[in-house]
Amino acid sequence: FDLYATLVPAREVGGDFYDFFFLDKDRLCLAIGDVSGKGVPASLFMAVTKTLFKATSAGNDHPDQILGRLNDELCKDNTTCMFVTFFGAILDIQTGQMEYSNAGHNLPYKLSNQQAKQLENTKGTVVGAFEGANFEKNTIALEPGDWIIFYTDGVTEAMNAQKEHFSEC
């Protein structure tokens, strides 16, 4: 497999993020998210979210369980009422099976045989807003040559040369 990533903040600092790391020798954990707000506060909350995500992933659970624990940790002492849209996945690099859960984030696309299809949504609200929130998971199979394209609303809210917003289609 190959991974490609880029992050271009609209300002000097921002709240969009991505992360990926191995849970064990066969399972790759992937995440993308967007913190509410802008600037330094969003950037600081993003750093906390990334740190807590790695810590809550350590149990080698499923994405829905990871998001549940991450949510509860972010809710603690969250006096600023910030929240995060978040998409988390675990890819088994041996089988191509990818489990994923969504917390209000833009759904990735699977590109297979030059056809793009948005992943099916799972139940879940943003993380950090409501303690005890439940999340669901789904599984897809990836074949050699398939792509998964993650993105944030920074893509869909960007404008082309004619000053028209891009969309998710």
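Note that the coordinates shown come from a computational prediction; the quantities given were computed from them, not determined experimentally. (Residues numbered from 1 in each chain as written. Predicted model: local features only at pLDDT ≥ 70, side-chain atom pairs only at ≥ 80, totals over all residues. Heavy atoms only, no water.)

## Quick notes on the overall build of the protein chain
So, point 1. The helix and strand inventory of the protein chain stands at 3 helices and 8 strands.
So, point 2. Beginning at the N terminus, the succession of helices and strands in the protein chain can be written as β-β-α-α-β-β-β-β-β-β-α.
So, point 3. A burial count over the protein chain gives 41% of its 169 residues as buried.
So, point 4. When contacts within the protein chain are restricted to residue pairs at least 6 apart in sequence, those whose partners lie at least 24 apart make up 60%. (Helix = DSSP H or I, 4+ residues; strand = E, 2+ residues; numbered from the N terminus. Buried < 20%, exposed > 50% of the residue type's maximum accessible area, 1.4 Å probe, protein only. Contact = heavy atoms within 4.5 Å.)

## A short note on the sheet that holds strand β6 (residues 115–118)
So, point 1. What the 3 strands build is an open sheet, ordered β6-β5-β8; its pairing is antiparallel. Two strands in the sheet have a free side with no partner beyond their single neighbour: β6 and β8 (147–149). For this sheet, the mean inter-axis angle between neighbouring strands, taken without regard to orientation, is 25°.
So, point 2. In this structure, strand β5 (residues 109–112) lies alongside β8, joined through 3 bridges in antiparallel fashion. Bridging across to β8, L111 finds its partner in W147. (Pairing = 2+ DSSP bridges. Axes fitted to C-alpha atoms, helices over the stretch in contact; angles between N-to-C directions.)

## As for the pairing of strand β4 (residues 97–103)
So, point 1. Across the 7 residues of β4, 6 count as buried, placing the element largely inside the fold.
So, point 2. The pairing of strand β3 (residues 84–92) with β4 spans 5 bridges and is classified as antiparallel. Within β4, the position partnered with I90 by the bridge is E99.
So, point 3. If you look at the hairpin formed by β3 and β4, you'll find 4 residues sitting between the two strands, and G96 has a positive phi there, around 80°.
So, point 4. Sheet topology note: the β4/strand β7 (residues 138–141) ladder contains 4 bridges and is antiparallel. Along β7, the bridge assignment pairs M98 with I140.

## Focus: the pairing of β6
So, point 1. In the sheet, β5 pairs with β6 via 4 bridges, with the strands oriented antiparallel. Residue pairing in the sheet places K110 in a bridge with K117 of β6.
So, point 2. Linking β5 back to β6 in an antiparallel pair, the connection comprises 2 residues, with N113 at a positive phi of about 50°.

## Considering the pattern of salt bridges
So, point 1. In total, this model carries 7 salt bridges according to the counting rule given.
So, point 2. A salt bridge links R69 to D61, with the nearest nitrogen and oxygen atoms 2.5 Å apart.
So, point 3. The class for R69 is partly exposed, based on a relative accessible area of 32%.
So, point 4. One salt bridge in this structure joins K110 and D146, with 3.8 Å as the shortest N-O distance. (Salt bridge = Lys/Arg side-chain N within 4 Å of Asp/Glu carboxyl O.)

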